[in-house]
Amino acid sequence: MTPDTVLLNADIRTMDIARPAAEALAIGGGRVLALGTDADIRALAGPATVRIDAGGRLCLPGFIDAHCHLAEGGLGLISCADLFRARDLDGLRTALGAHARDWPGPVVYGTGWQAGLFGDHNLTRAVIDDVVPDRPAILYDSSFHNACANSAALALAGLDDTSADPPNGHLVRDRDGRLTGMLHEDAVAFLETFLPETTAAERRDGALAGMAHANRHGITGIIDPKVTDDLAGTWAGLARDGALSLAAGGAAWVRPGEDPAAARDRLIALREGNHGHWHLHSAKFFLDGVFENRTAALLAPYADAPGGNAPVMFGAAELADHAALLGAARFQMHFHCIGDAALRAALDCVAAGLAATGPWPSLPQIAPCQLVDPADLPRFAALGAMANLQPLWARRDPVIPDIALDMIGAARLPQTYPFRQLLTAGAAYCLSSDFPVSSLNPFEIIETAVTRQPRRAEGDTPPFLPQEALTVAECVAGYTLHAARAIWRDGAGTLRPGNAADLVLLDTDIFACPPHEIGGTRVLLTLFGGRPVHRDPAFDG
């Protein structure tokens, strides 16, 4: 077969142990045809073959973000006020006001306010009412586990000072018992049921914007870890239309209290929409919340002055029933776990599922493994669970206080984002971003995984538990070879003949440059199935 495309004069790191490096490769029919020297591959090219000169630059398999809310994040890029950079209430009001003036929709959304700067103590509906008095408005924090609504949004949902907290949710009140507008966990989801639903066209536009954003950063595959029934239809429709510019795996959201048999049947029906590069293969369980609103579930109480704790959001018997039925139907489990009690519950659930179904080629995902009790480190390997790591959080922020550290306390601090301990214990692992909770730029994330520090442009802080750092090679494997297993995508994650021609060409050799320069890496070219889905205007190869 004559190649469609050849990549020449490249430093190719294949992530294939049988042939780790090459100078050139040939692509045909969306797959790698051959690897070799420049002379080898030039000899295969025909008159119509597209020739790409890499200029000696580093080429890697396309990156796979194994925990990335891409459609929601893409919709946010289009339709939400960007509050990530707000550092005080005046800055938040300015950003919200500028967006509200230009946004004609019936609801005003904002995303990204930072816990540690804003929260129950200072962000209220009155703050939002001052800027958006005439339409419902809701502002999500950077974790999307908290939100603040204005008076119009509360009224639309029928919430007043007499309203009770919904299950697994909290309506924040002031000292006089009045609703402040701040919502925690499932109180946010409760209010959202009263807001106008996003349309199919809006969801599609969000997914397209998210994919373009991902392709610019070298990403050719994702797991969407919170797929609703509507969003499953969005991804399936894009796949049927041939409009996917990356491979999308999905984890369908299962809520506490949902009947296990009904949940299994719902997911089986959603799986009927699998097509091409869209594959719904997992079930998603939020087992706790976040430290920022004190809903992380810990084995021992919080270490700060208020103390307290939070329960795991599912009962053990309920999780075991889900694991048995979903495992028999061959759905992989995907867990959100912040606290060590939630993580233990996830591992217990995996064990219960294995006892019910026996071993099968599943790779349960536990993300982001913020706090791991030492006794649970070896259980990952023993149970075949994968640590789905989000390294960007494993640092001390020079501006935003990390209020979680006081809650964790000095005794448990060494078990915070314990990446090296997990790998030493033999845990399977992959890397991810949790976009739009954070940047999806894999190079910024790799830099922090290696340095355990923020980028120098953000400020200089001491490394956070530097003994837990990863190497660049481990990070690249976590974004390619290992992440391909997490997404159930055979033939991805390595560049070898017969595998998908998903690759990225970089302007920087991240294996050789100083660690604090990794985050500035620019993607010059992204190919998905041999097709260019991003090309930097400055690249003339």
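See the structure above.
None of these values were measured; they are calculated from a predicted model.

(A) Examining the packing of aromatic side chains more closely. If you walk through the whole model with that rule in mind, you get eleven aromatic pairs. For the ring pair phenylalanine 63 and phenylalanine 443, a centre distance of 5.5 Å and an interplane angle of 40 degrees mean the geometry is tilted. Pair noted here: phenylalanine 63 is in strand β8 (residues 63-65) and phenylalanine 443 is in helix α15 (residues 442-451), with a separation of 380 residues, a long-range link. Each member of the pair, phenylalanine 63 as well as phenylalanine 443, carries the same accessibility label: buried. An aromatic cluster is present here, built from Phe63, Phe443 and Tyr479 joined pairwise through their rings. Geometry around phenylalanine 331 places arginine 271 over its ring, the cationic atom sitting 4.1 Å from the centre.

(B) Representation of the sheet that holds strand β13 (residues 169-173). Spatial strand order, β9-β10-β11-β12-β14-β13: six strands in an open sheet with mixed pairing. What marks the edges here is a single partner per strand, and that holds for β9 (80-82) and β13. The sheet shows a mean angle of 25 degrees between the axes of neighbouring strands, taken without regard to direction. The pairing of β13 with strand β14 (residues 179-185) spans four bridges and is classified as antiparallel. Across the sheet, leucine 171 pairs through a bridge with leucine 183, a residue of β14. Lying over the sheet, helix α2 (residues 70-79) contacts β9 and β10 (108-113), oriented at roughly 80 degrees with respect to β9.

The rules behind these values
- Residues numbered from 1 in each chain as written.
- Predicted model: local features only at pLDDT ≥ 70, side-chain atom pairs only at ≥ 80, totals over all residues.
- Heavy atoms only, no water.
- Phe/Tyr/Trp six-rings, centres within 6.5 Å; stacked < 30°, edge-to-face > 60°.
- Helix = DSSP H or I, 4+ residues; strand = E, 2+ residues; numbered from the N terminus.
- Buried < 20%, exposed > 50% of the residue type's maximum accessible area, 1.4 Å probe, protein only.
- Lys NZ or Arg CZ within 6 Å of the ring centre and 35° of its normal.
- Pairing = 2+ DSSP bridges.
- Axes fitted to C-alpha atoms, helices over the stretch in contact; angles between N-to-C directions.
- Contact = heavy atoms within 4.5 Å.

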